[in-house]
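# Inside the fold
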Amino acid sequence: MVDETRQAVRPAIASEESLMRIFTVPEAPGSTLAKIEQEISSNLAGFLNENIAAVEKPLHEIEKDFQAANIPEEPRFVSEHAQELMEKLVAHSVHTSAPSFIGHMTSALPHFVLPLSKLMVGLNQNLVKIETSKAFTPLERQVLGMMHHMVYGKDDAFYRKWMHNAKNALGAFCSGGTVANISALWVARNKLLKPDGDFNGINSDGLVAAMMHYGYKGLAILVSERGHYSLGKAADVLGIGRSNIVSIETDHNNRVDVAKMREKANELAGKGIKVMAIVGVAGTTETGNIDPLNEMADLADEINCHFHIDAAWGGATMLSNNARRLLAGCERADSITIDAHKQMYVPMGAGIVLFKEPDTVNVVEHHAEYILRKGSKDLGSHTLEGSRPGMAMLVHACLSIIGRKGYEMLIDKSLEKARYFAELIKQTDDFELVTEPELCLLTYRYVPEKIKEVLKTADEQTKLDIYAALNRFTASMQKRQREAGRSFVSRTRLTPYQYDNLPTVVFRVVLANPLTSKQILHDILAEQRELAGKDPIFKKYLAKYL
Ligand SMILES: *Cc1c(COP(=O)(O)O)cnc(C)c1O
């Protein structure tokens, strides 16, 4: 892109007045940035296809473009900067919205979020306090109300009473699932270690005093072994300790074994360790399975602890009346995490935590003199984060424009596509479905038929050798597919029961992009088959078994 107009400042050699122009004068039509803006507005997909390099550049090469530690001394033309961005940044970005990019939880975005994001940035509201977000705060509270209603389905009177109530909140917006999980467990911790007699509560007196007052030897959080790593971070910042996130075995379908969880809770109680919360996963990150939420709710009642559900990825499934039965029991959770930036087609930075009871957040309330005054409706008085953008506006737009029925269609289609892909894999001789899709996530691997045969009769050592080789081969193939740049699946390591619980590297696909066609799924298998034939690891370690 060549810039003819150079409608920009050159304050280094010009005046203060010319510097002011960056705040007041937009880029002239025809300038590099104006052209970029126009292209992404009229055809984002085309822009990305055209400007993201097809062939991957190694990371250490990219790093060379981002070496200088000194802040640029001299101002420069916007166009020069934009041109450089195109070459150094855009060209080597990851094409996360490509329909063949089915490895992660990011997806294509509806077109309208682009201009709306611009509007959001332009308004630059700060949701920490009403003074800087007068209309955005009620909007955010409404979105929390809508999401709360989706999960808990209370009646109109409930929402009339609580949605805009200064003393309470139905949940909190935050940057993502990690902060949502931390917020939920923060609330759970403070609720447990609440003020009592001369003890002023953990938020005032701290953890040591709290433990002494209540006579606990430790706190624990129980979650399935498939729990997300953000829970470890939460335990760390909340002073509970990572090792006190107790992982509980899962069944053959990667769902937590609630009987084992109960046993563990009793065992801990015997040692004076209080279970602060149990966490159900609704849509595990690696396999997409959903814990038995009703059974977990029963257990939480039984042992009197907080029940949190991490539905960061899977929560959006509730928008489909056909699929929401998969999350039956979610309405019994004390708190639930849902990421709008995963299956709700909102750009990143949109995490949500919801609380069943509107007064739950009171245990984490903070006040200050100049903002967040007592009685104010400032959202910042109970959010972990301070200054926050108006992302709720984008969630609100998606909910309004796509509507529940629109989401239902998108979600049902994703689930159907995942089942289709699973069938496709099962029908081949050389791929193996490792985990069935409960939602739109599945895992599989490539094992040539001959090797499947050998495995059937192999002695223990040969079997272990082949498994190890298959793991290296799968990892190698995944990397080479990514580098080839046509498509992307991710990989993870599981311990599937059907492979004697041996560590098994698998391909992982998430089929939430509405633009991913069935043909693309066929193409991906074909490409993998082709890569397999040429794989150096395969030749070295596995070819001998053929
Ligand atoms: C993605 C995810 C998270 C973390 O969310 P971020 O938005 O990445 O912070 C937590 N739990 C589960 C189950 C997830 O899928």
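Conventions we followed
Residues numbered from 1 in each chain as written. Predicted model: local features only at pLDDT ≥ 70, side-chain atom pairs only at ≥ 80, totals over all residues. Heavy atoms only, no water. UniProt positions renumbered as here; feature names shortened; annotations may be inferred. Pairing = 2+ DSSP bridges. Helix = DSSP H or I, 4+ residues; strand = E, 2+ residues; numbered from the N terminus. Axes fitted to C-alpha atoms, helices over the stretch in contact; angles between N-to-C directions. Contact = heavy atoms within 4.5 Å. Right-handed = clockwise from strand over helix to strand, strands pointing away. Domains from an automatic or database assignment. Phe/Tyr/Trp six-rings, centres within 6.5 Å; stacked < 30°, edge-to-face > 60°. Buried < 20%, exposed > 50% of the residue type's maximum accessible area, 1.4 Å probe, protein only.

The protein chain carries the name Pyridoxal-dependent aspartate 1-decarboxylase in an unreviewed UniProt entry, which gives Pseudoalteromonas spongiae as its organism. According to the UniProt record, the Cofactor (unreviewed entry) comment for the protein chain reads "pyridoxal 5'-phosphate".

Moving on, we get to the sheet that holds strand S10 (residues 490-494). Taking strand neighbours across the sheet as the criterion, the four strands line up as S8-S9-S11-S10 in an open arrangement whose pairing is antiparallel. Single-partner strands in this sheet number two, and they are strand S8 (431-435) and S10. Neighbouring strand axes in the sheet, compared pairwise and without regard to direction, differ in orientation by 40° on average. This element, helix H16 (residues 460-484), spans strand S9 (441-446), S10 and strand S11 (504-510) of the sheet and lies at about 35° to S11.

With that out of the way, let us pick up the pairing of strand S3 (residues 245-248). Where strand S2 (residues 218-224) meets S3, four bridges bridge the pair, whose relative direction is parallel. Within the sheet, the bridge partner assigned to valine 223 lies in S3 and is serine 247. Since S2 and S3 lie parallel, the crossover through helix H10 (residues 230-237) that links them has a hand, and here it is right-handed.

Taken as a whole, the protein chain is organised into domain 1 (1-93), domain 2 (125-388) and domain 3 (404-545). Taken over C-alpha atoms, the centre of domain 1 sits 41 Å from the centre of domain 2.

As enumerated under the stated definition, the model contains eleven aromatic pairs in all. With a centroid separation of 6.0 Å and an interplanar angle of 10°, the aromatic rings of tyrosine 214 and tyrosine 216 are classed as stacked. For tyrosine 214, a relative accessible area of 22% translates into the label partly exposed. Relative accessible area serves as the criterion here: at 23%, tyrosine 216 is assigned to the partly exposed category.

Another aspect to go through is the sheet that holds strand S5 (residues 306-310). Spatially, S1-S7-S6-S5-S4-S2-S3 is the arrangement adopted by the seven strands of the open sheet, whose pairing is mixed. Two strands bound the open sheet, and with one partner strand each, they are strand S1 (171-174) and S3. Across the sheet, the axes of successive neighbouring strands diverge by a mean angle of 20°, strand direction being ignored. Where helix H11 (residues 258-270) meets the sheet, it contacts S2, S3 and strand S4 (273-281), and its direction lies at approximately 175° from that of S2.

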